[in-house]
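Topology and contacts: notes
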Amino acid sequence: MGRRGRRESPFISGVSTAAREAVETRWYGRMTRQPQLAALVTAKGAPREPFHRWMNYAQGFSPELVRVFLREAEGLDPRRTNWPLLDPFSGSGTVVIECARQAVRAEGVEAMASLAFLSSLMGENSFPEPPALSDCTTWEQAADRLKLPIHRAALMYAVGRRHTSAGKPNPQAPPLLEAFEQVVRMMRDDLRKPLPVVNPVRQGDARRLEHVEAGAIGGILTSPPYLSRHDYTKVLRPYEVVYQHWYGGRSAAQRRTDQLPAHPDALARPSSAQAMPSAVEEACASLLAGGEKKLAAVVGAYFDDLFAVLAECRRVLRPGAPCWVVIGGARLRGVYVPSDSILADSAAAYGFTVRSVRVARNLINVGRKFGRLTSVAPRESVLVLRRQ
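The text that follows walks through the structure, step by step, so that each part is easy to find. On a predicted model such as this, the values are computed, not experimentally measured, just so you know.

Sheet topology note: the strand 10 (residues 368-370)/strand 11 (residues 373-376) ladder contains two bridges and is antiparallel. Residue pairing for strand 11: R368 is matched across the bridge by V376. Here strand 10 hands over to strand 11 after two residues, with G371 in that stretch at a positive phi of 60 degrees.

Put into structure tokens, the structure is as follows:
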């Protein structure tokens, strides 16, 4: 669904498109096409850069986007030590790593324990010689010999490199020990010049940033998961499985079921935004009309969570601070979901000014007629917001 080159089903007939047309019309004239961002909203540049290259994670964005944010974000003062930056969807740690390379304080929040663990080791200043593993035939055997966290991280990266970007075993990948040796050399080379700043990543929930005080953050750059673009649990399963071998704990699925807010106001919406936007309700109704009950529930839950995150971001940002959100739209069983327009339309209710919507690229090459609109396609955009 929503993937480039995949055949799409027709739009479902008999269900109104008026609400989604309205939100598209409100924002389409304010969108700017910036094709130079197309390469920056992907992770293509990461494999060539120190520290970023440790993890093969195609679903992230480029370190160059972080550098653009540090240069261009309105109201940003990244050298203020009492106002760190934040990425509440830290993933592979692109924001915290690149900020560390630029000597800028930042912190990340990541739901998956394995990713938070890997990012936390970027602050090491050396790579000790690992134990001999030449007689190990499985990663489990190798894992049982590794005691230092930095060595365990190297094994996690090596196992990850033996899988595709979709998390499936790659028959063309090098043998485990060869992949491990490659990762060790790479990590050792990068750590010869340690990062000038150690930026923490905490395992947590982006909807409940209970450890962050109100007004304590100087800027946010983040990218929430895209609707139906990737199955992130499967993509990251190789890392999580190896991590659980040592550290156990609840699974990612179990952590997502924890709904109790730590703040009384953590999941509260502004009074002007209590109801789900009509564009989201309309998309869900279209999916239900097509018999897609599960997808309709996914879309509703996705935006419910996204708006909870937006409210928390507003709470932790200092007044006037920038918030850039990289987000992708979707076409689900023929139902168009303009995520960027919906988020931009809702941002004002959550205490943000929308400075611009920068369209990096279309996620599907061919646009379609959508109600009275002649041609629309799901987009990947950077929403440039500023906390009021």
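This part takes up the nonpolar core. Counting residues in hydrophobic clusters, the biggest one holds 71 residues, and the most contacted among them are L118, L155 and Y157. Setting aside chain neighbours within four positions, we find L155 in contact with W139, A142, A143, L146, L176, F180, V242 and W246. Listed in part, the 50 residues of the second largest apolar core include I220, M276, V316 and V354.

Residues three or four positions apart in an α-helix share a direction because the helix packs 3.6 residues into each turn. Extensive coverage of helix 3 (residues 94-101) is indicated by the burial of seven of its eight residues. Of all the positions in helix 3, only T94, V95, V96, I97, E98, C99 and A100 are classed as buried. Contact partners of the buried residues in helix 3: helix 2 (63-72), strand 2 (85-87), strand 3 (106-110), strand 4 (201-203) and strand 5 (219-222). Positive phi shows up at A103, right after helix 3, with a value of about 60 degrees.

Quick look at the sheet that holds strand 5 now. Within the open sheet, the eight strands sit side by side as 1-9-12-6-5-2-3-4. Their pairing is mixed. In the strand order of this sheet, the two ends are held by strand 1 (31-33) and strand 4, each with one partner. The mean inter-strand angle of the sheet, taken between neighbouring strand axes irrespective of direction, is 20 degrees. When strand 1 meets strand 9 (residues 352-362), the two strands line up parallel, connected through three bridges. Paired with T32 across the bridge in strand 9 is R358. The sheet strands contacting helix 11 (residues 293-316) are strand 2, strand 5, strand 6 (322-328), strand 9 and strand 12 (379-387), and the helix crosses strand 9 at an angle near 130 degrees.

Among the seven residues in strand 6, seven count as buried, and that is most of the element. Burial along strand 6 is two-sided: P322, W324, V326 and G328 and C323, V325 and I327, pointing in opposite directions, are all buried. With three bridges joining them, strand 5 and strand 6 adopt parallel strand pairing. Bridging from a neighbouring strand, T222 pairs with V325 of strand 6. Across seven bridges, strand 6 lies against strand 12 in antiparallel orientation. Across the sheet, V326 pairs through a bridge with V382, a residue of strand 12.

Quick notes on the rules
- Residues numbered from 1 in each chain as written.
- Predicted model: local features only at pLDDT ≥ 70, side-chain atom pairs only at ≥ 80, totals over all residues.
- Heavy atoms only, no water.
- Pairing = 2+ DSSP bridges.
- Helix = DSSP H or I, 4+ residues; strand = E, 2+ residues; numbered from the N terminus.
- Core = buried A, V, L, I, M, F, W, Y, C linked by side-chain atoms within 4.5 Å.
- Buried < 20%, exposed > 50% of the residue type's maximum accessible area, 1.4 Å probe, protein only.
- Contact = heavy atoms within 4.5 Å.
- Axes fitted to C-alpha atoms, helices over the stretch in contact; angles between N-to-C directions.

The values reported here are purely geometric and, on their own, carry no functional implication.
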